[in-house]
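Spelled out from the first residue to the last, the chains are:
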Amino acid sequence: SDMYIDIWLYEGIRYYFGNFSFEGNTTFDDPTLKDALGLKYGDPYNLSQFELALRQNLQNVYYNEGYLFARIQPIETPIAKDTVDIRFEINEGNVVRIRELLIKGNTKTDDRVIRREFKLFPGDKFNNALLERSAREVWVLNYFGNVIPDVKLIENNDEEIDLEVTVEE
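In this report, the structure presented in the accompanying data block is examined. Nothing here was measured: the structure is a model prediction, and the numbers come from that model. Per chain, residues are indexed from 1 in the order of the written sequence. With the structure being a predicted model, the display of local features is reserved for residues of pLDDT at least 70 and the display and counting of side-chain atom pairs for 80 or more, all residues being used for whole-chain, interface and lining totals. Side-chain figures throughout are based on the complete set of non-hydrogen atoms in the structure, without hydrogens or water.

Strands sit in the order S1-S3-S2 across an open sheet of three strands; the sheet is mixed. Whereas interior strands pair on both sides, the edge strands pair on one side only; in this sheet they are strand S1 (16–23) and strand S2 (71–78). Sheet twist, expressed as the mean angle between neighbouring strand axes with direction ignored, is 25°. Any two strands with at least two DSSP bridges between them are considered paired. Each helix is a run of H or I in the DSSP string that is no shorter than four residues. Each strand is a run of E no shorter than two, and both are numbered from the N terminus. With eight bridges joining them, S2 and strand S3 (residues 83–91) adopt antiparallel strand pairing. If you follow Ile75 over to S3, its bridge partner there is Arg87. Only the stretch in contact is used when a helix axis is fitted, and all axes are lines through C-alpha atoms; the angle between N-to-C directions ranges over 0 to 180 degrees.

Here it is as structure tokens:
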């Protein structure tokens, strides 16, 4: 009861986001990508928030336009003692189209009941937002305990994918 522990902590300098720039983007202009990122010049640098913005915001802009294989590589450059500029090197790749919609796990419900709720069809370009919405629409039918959409890559084909929807009656 007579012991005391003092812990001295130095957190270091707080960093802030500087300018955001983009290279290799042809589909979207810089202002569109900056808006999608959701971070601004002068915001405190937060790695988890940055990674989330990169994964969920910026990457989804490309996924929703069919660029499933788009790669976005952030390059961080310190420009002052407390500011970091970020340049995104983007390789958009090809627009990916859906070759086939595969449905698995339905033992009682007919395939057409599931297909009519889907917003993506063979020949359409891939759209992640529509895939998530379609899975939600199938789940809302209350016929299934679980609906799991999955993207199946086709060997030696970077322009088409198969969508597999596994349902649990």
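Still more ground to cover, so stick around.
Attention now moves to the pattern of salt bridges. Note on definitions: salt bridges are taken to be side-chain nitrogens of Lys or Arg within 4 Å of carboxyl oxygens of Asp or Glu. Taken as a whole, this structure holds eight salt bridges when the rule is applied. The salt bridge involving Arg116 is made with Glu117; its shortest N-O contact spans 3.7 Å. Only protein chains enter the accessibility calculation, which uses a 1.4 Å probe; a residue whose area is less than 20% of its type maximum is buried, one above 50% is exposed, and one in between is partly exposed. The class for Glu117 is buried, based on a relative accessible area of 16%. Where Asp150 meets Lys152, a salt bridge forms, and the shortest distance between an N and an O atom there is 3.1 Å. Among the charged side chains, a network of salt bridges with common partners joins Glu23, Arg87 and Glu89.

What follows is about the side chain of Asn128. Along the polypeptide, Asn128 turns up in helix H4 (residues 128–140). Residue class for Asn128 comes out buried when judged on its relative accessible area of 15%. Here, two residues are considered to be in contact whenever any of their heavy atoms come within 4.5 Å of each other. Non-local contacts of Asn128, meaning those with residues more than four positions away in its chain, are made with Asn60, Tyr63 and Asn64.

It is worth spelling out the environment of Asn94 at this point. One can find Asn94 in the loop between S3 and strand S4 (97–104). Residues within four places of Asn94 in sequence aside, it is in contact with Gly66, Tyr67, Asp158 and Glu159. For Asn94, the side chain forms a polar contact with the side chain of Asp158, separated by 3.0 Å. Polar contact is defined as a pair of N or O atoms within 3.5 Å, subject to the rule that within protein one atom must be able to donate a hydrogen and the other to accept it, and that residues adjacent in sequence are counted only when both atoms are side-chain atoms.

Purely geometric stuff here, so don't read any function into it on its own.
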